[in-house]
Amino acid sequence: MKKYLRITPEGTKDFLFAEASAMDDICGKIEKVFVSRGFQKVITPGIEFYDVFSIPCSGISQESMFKMVDNKGRLLVARPDSTLPIARMVSSRLKNSALPVRLYYKQAVYRNNPTLTGRRNELMQMGVELLGVKGLRADLEILSTAVKAISSVANDFRIELGHAEVFDALSKELDIDDDYKEKIRVSIEGKNYSALNNLLDRLEPCKAVSAIRSLPSLFGGEEVFTKAFEICEDTNAVEALDYLHKIYDSLIPLGLGDKLIIDLGLVQRNDYYTGIVFTGYINGIGDAVLSGGRYDDLLSVFDAPMGAAGFAIDTDAVTIKQLADSDVSYSDKPDVLIFAQDGYEIEGINLVSQLIEGGTKAEFSTLPTLEATKEFASKRGIAEVKVVG
Amino acid sequence: MNPLRIALTKGRLEKTTIELFEKIGYNCDEVKNKGRRLILPVGNNDFEVVLAKAADVITYVEHGVCDLGVVGKDTILENGTSFYELLDLGFGKCKFALATKKGYDFYGGYNTKTIATKYPNVTRAFFDDKNMDVRIIKIEGSVELAPLVGLSDGIVDIVETGSTLKANGLEVIEWVTDISARLIANTASLKLRKNEIEALQNKLEAATK
């Protein structure tokens, strides 16, 4: 039988040296933002019951989860997302705590992606959740935290902002079933104009139909609102737009300028979003690196109804970008290697400690002879070998 | 900033796309005289073109190494996942069809039908919609052969004129979907380079109307 002894499973990788340091560096910067804004760290289990993620609005498909069975025959999954476990935790263990609670996490999620697409099946994510509160202040806090976090690790970024209620309200005006609504949503999400037109042409023409037709093209700066108000007449949709406009205006003083984009076609697959939704992009990465939004209905699935919002950052992607730009060097080499003659080992170790305290990167040679130490030093490109004793 | 990079499907679509670029005023001489080069500048270095096989166009765009792509809807339906489909370019038109031997009662009887196809995902989705279990066999070459030699009850394939089917005694019993060339965009690129992409999209849209 073939043994897969020396390779890692598809979609996973080892992080070596500079990769691991860069990852620590990126996570450290983001963590500093989270901690400074009063978020507290939580760690949830790497495996959870399948039931936590199979709720109707989870947006996580059955086939994308790695499954296991426990010894009672219950279905378990390798955590595919961190928000749902946190919702579970808040609804049980934090049920009686003072609200709102501010939580952050740094943990991997696992997705069983189709093979040979180059997608990562193990993704490190950092994110925050602000639970137990709704409204403008909470949304601004989450959004400004997202902006701070992404700008702590990248200069050239965009945050795009939408509102789940715009599409929801408009689609309620149409006489369609959930399947048809989902088809429309998918074509808006993919900015697939021809598919969207095909779907809408089959419906009775009305104001809502023509408003939905325009949704995917409604992205850009403030001018989007002018256009959107012209075509949206539904009360709830207009209310959502008003709210979004208010958020947009409030964020302008943060100095975001053209880094902030409005996208009314932002109708994400995670249909647990109920209010603002947002994603972040960094120049040089072909996919969103940050995504989040408000999910006020999710906690009632866990019998603890409360407002909630949060976002997650794909720190692996940011790390890859950082390494590619690599103006920061992650040197892992010592400046000097200390070799101790027989009987002088402790002196050697003491010297290493002294040098390190003095700011020199020194390393104690664990090889048995001076020759072996010198050969190792030249292989690794270590400039100096010092002998003790 | 680097010029926009557009992945084009090699072959039939490539030629029509280049004609379209010329129509909206870009000099495509470098692409026409490409020799063995795979990355080619267009116009006054306004953007660059990458030539790839259809399915690879999607891969390059999805991973963001190309900002835009021109690819057939057939490939999108079979391989597509996450990108923006911006524009129906209106050329490269054909259809997916379900075909059987002439006069064959495909929907009759209660046995599970076998379908031979180069497009297993399209076929699966088509019959899923009908709540119909079928056995799908992937064929790499001429699919028309499969029902003739008795491998399958029918085929799902691209039909342009229908002459190959006719010559082999097959007939279309149902149209699956229309196909044409599409302009696709990487999700991040569209957000980060909105103005450039929209300008090009508008020109292309005007030229194809």
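Residues numbered from 1 in each chain as written. Chains lettered and ligands numbered in written order. Predicted model: local features only at pLDDT ≥ 70, side-chain atom pairs only at ≥ 80, totals over all residues.

A closer look at the overall build of chain A
Heads up, the condition is: The way it works is that DSSP assigns letters per residue, a run of H or I at least four long becomes a helix, a run of E at least two long becomes a strand, and they are numbered from the N terminus. To assign burial, the other C-beta atoms lying within 10 Å of each residue's own C-beta are counted, with C-beta atoms placed from the backbone; 20 or more indicates buried, 12 or fewer indicates exposed, and intermediate counts indicate partly exposed. Two residues qualify as being in contact provided that their C-beta atoms, derived from the backbone, are within 7 Å of each other.
Assigned secondary structure in chain A consists of 13 helices and 15 strands. Each of the three principal axes of chain A carries a C-alpha extent, and together these read 90 × 55 × 45 Å. Within the span of chain A, comprising 389 residues, buried residues form 37% of the whole. In chain A, the proportion of contacts linking residues at least 24 apart, taken out of those at least 6 apart, comes to 70%.

A word on the overall build of chain B
Looking only at helices and strands, chain B has 9 helices and 11 strands in total. Along the three orthogonal principal directions, the C-alpha set of chain B runs to about 60 × 30 × 30 Å. Going through the 209 residues of chain B one by one, you find that 39% of them count as buried. Sequence separation of 24 or more characterises 65% of the internal contacts of chain B that already satisfy a separation of 6 or more.

Topic: the packing of helix α5 (residues 178–189) of chain A against helix α6 (residues 193–201) of chain A
All names here are of chain A. Heads up, the rule is: Note on geometry: axes are C-alpha line fits, over the in-contact stretch for helices, and angles between N-to-C directions span 0 to 180 degrees. For classification purposes, angles smaller than 35 degrees are called roughly parallel, those larger than 145 roughly antiparallel, those between 65 and 115 roughly perpendicular, and all remaining angles oblique. Each crossing is labelled by how the near helix is turned from the far one, with a counterclockwise turn of less than a right angle marking it left-handed and a clockwise turn marking it right-handed. Residues are grouped as follows: Ala, Val, Leu, Ile, Met, Phe, Trp, Tyr, Cys and Pro are nonpolar; Asp, Glu, Lys and Arg are charged; all remaining types, including Gly, are polar.
In contact at an axis separation of 8 Å, α5 and α6 are set at 150 degrees when each is read in the N-to-C sense. Between α5 and α6, the angle is such that the two are roughly antiparallel. Handedness of the crossing formed by α5 with α6: left-handed. In this structure, α5 contributes Lys183, Ile184, Ser187 and Ile188 to the contact, and α6 contributes Ala195, Leu196 and Leu199. When its residues are assigned to classes, the contact of α5 with α6 shows 5 nonpolar, 1 polar and 1 charged.

Some thoughts on the sheet that holds strand β2 (residues 47–49) of chain A
All names here are of chain A. Test applied: A strand pair is defined by DSSP finding two or more bridges across the two strands.
The sheet built from 3 strands is open, its strands ordered β2-β4-β3 with antiparallel pairing. Where the open sheet ends on each side, the last strands, each with one partner, are β2 and β3 (67–69). Averaged over neighbouring strand pairs, the angle between their axes works out to 40 degrees when direction is ignored. In this structure, β2 lies alongside strand β4 (residues 75–78), joined through 3 bridges in antiparallel fashion. Following the sheet pairing, Phe49 is matched in β4 by Leu76.

Notes on the nonpolar core
Short version of the rule: Each nonpolar core reported here comprises buried Ala, Val, Leu, Ile, Met, Phe, Trp, Tyr and Cys residues connected via C-beta atoms within 7 Å.
A:Ala146, A:Leu264, A:Val289, B:Val61 and B:Ile184 are the most contacted members of the largest nonpolar core, which has 126 residues in total. At 7 residues, the largest contribution of residues to this core is made by helix α3 (residues 136–151) of chain A. Once residues lying within four places of it in the same chain are set aside, the contact partners of B:Ile184 are B:Val61, B:Leu68, B:Gly69, B:Val71, B:Phe83, B:Tyr84, B:Glu85 and B:Leu86. Grouped together as the second largest cluster of nonpolar side chains are 17 residues, B:Phe96, B:Ile115, B:Val143 and B:Ile155 included.

Things to note about the sheet that holds strand β5 (residues 84–88) of chain B
Residue and element names in this part refer to chain B. The 6 strands lie next to each other as β2-β3-β1-β4-β11-β5, forming an open sheet whose pairing is mixed. The open sheet has two edge strands, β2 (39–42) and β5, and neither has a second partner. Ignoring strand direction, the axes of neighbouring strands in this sheet form an average angle of 30 degrees. In terms of strand pairing, strand β1 (residues 4–9) meets strand β3 (residues 47–52) through 6 bridges, oriented parallel. Across the sheet, Leu8 pairs through a bridge with Leu51, a residue of β3. Here helix α1 (residues 12–23) sits on the sheet in contact with β1, β2, β3, β4 (68–72) and β11 (181–185), set at roughly 140 degrees to β1. Strands in contact with helix α3 (residues 54–62) are β1, β3, β4 and β11; relative to β4, the strand with the most contacts, it is inclined by about 150 degrees.

Quick word on the interface of chain A and chain B
In this complex, chain A contributes 16 residues to the contact, which on the side of chain B involves 13 residues. Elements with a contribution of two residues or more to the side of chain A that touches chain B: β7 (157–163) and α6 of chain A. In terms of residue class, the side of chain A that touches chain B is built from 5 nonpolar, 7 polar and 4 charged.

Let's talk about the pairing of strand β12 (residues 308–314) of chain A
Residue and element names in this part refer to chain A. Taken across its 7 residues, β12 has 7 buried, putting it largely inside the fold. Along β12, one buried face is formed by Ala308, Gly310, Ala312 and Asp314 and the opposite face, lined by Ala309, Phe311 and Ile313, is buried too. Pairing geometry for strand β6 (residues 122–131) and β12, over 7 bridges, is antiparallel. Following the sheet pairing, Leu131 is matched in β12 by Ala308. Where strand β11 (residues 290–294) lies against β12, 5 bridges are found, and the strand directions are antiparallel. Its bridge partner lying in β12, Leu290 is registered against Ile313.

Quick look at the domain arrangement of chain B
All names here are of chain B. For clarity, the cut-off: Domain delimitation in this document rests on an assignment produced automatically or drawn from a domain database.
Each assigned domain of chain B is listed here: domain 1 (4–92 + 180–208) and domain 2 (94–179). Here the C-alpha centroids of domain 1 and domain 2 sit 30 Å apart. Contacts between the two partners involve 6 residues from domain 1, matched on the other side by 7 residues from domain 2. Here the side of domain 1 that touches domain 2 gets 4 residues from one element, more than from any other, and that element is helix α4 (residues 73–79).

Details of helix α1 (residues 18–36) of chain A
Residue and element names in this part refer to chain A. Put simply, the rule reads: One less than the residue count of a helix, multiplied by 1.5 Å, gives the span that helix is expected to have.
Here α1 spans 27 Å end to end across 19 residues, near enough to the 27 Å set by a 1.5 Å rise per residue. Summarising the contacts, the buried residues of α1 are in contact with β5 (101–110), β6, α3, β12 and α11 (315–325). With its phi angle positive at about 85 degrees, Gly38 sits one or two positions after the end of α1.

With respect to the environment of A:Phe278
Its location among the elements puts A:Phe278 in strand β10 (residues 276–282). What A:Phe278 contacts, discounting residues up to four positions off in sequence, is A:Leu143, A:Ala146, A:Ile159, A:Glu160, A:Leu161, A:Gly292 and A:Gly293.

Digging into the domain arrangement of chain A
Residues and elements named next belong to chain A. In terms of domain boundaries, chain A breaks down into domain 1 (1–156 + 283–332), domain 2 (164–259) and domain 3 (336–388). One C-alpha centre belongs to domain 1, the other to domain 2; they are set 28 Å apart. Counting residues at the interface gives 7 residues for domain 1, matched by 7 residues for domain 2. Broken down by element, the side of domain 1 that touches domain 2 gets its largest block of residues, 6 residues, from α3.

With respect to α3(A)
Taking 1.5 Å of rise per residue, the 16 residues of α3(A) would be expected to cover 22 Å, and the 22 Å separating its terminal C-alpha atoms lies within 8% of that figure. Considered for burial, the residues of α3(A) that qualify are A:Ala138, A:Asp139, A:Ile142, A:Leu143, A:Thr145, A:Ala146, A:Val147, A:Ala149 and A:Ile150.

Here we look at the confidence of the model for chain B
Predicted coordinates in areas of low pLDDT are best not read in detail. Rules: pLDDT is a per-residue confidence score from the predictor, ranging from 0 to 100.
Chain-level statistics for chain B give a pLDDT mean of 91 and a share of 100% at 70 or above. Scored as a whole, the predicted complex attains pTM 0.86, and scored at its interfaces, ipTM 0.75.

Comments concerning unusual backbone geometry
Residue and element names in this part refer to chain A. That bond from Leu99 to Pro100 is cis: its omega, 0 degrees, falls within 30 degrees of zero. Mapped onto the fold, Pro100 is located in the loop between α2 (83–92) and β5. Of note, Asp303 is a non-glycine position whose phi angle comes to about 65 degrees, a positive value. By the secondary structure assignment, Asp303 is in the loop between α10 (298–301) and β12. For Asp303, a count of 9 C-beta atoms within 10 Å gives the class exposed.

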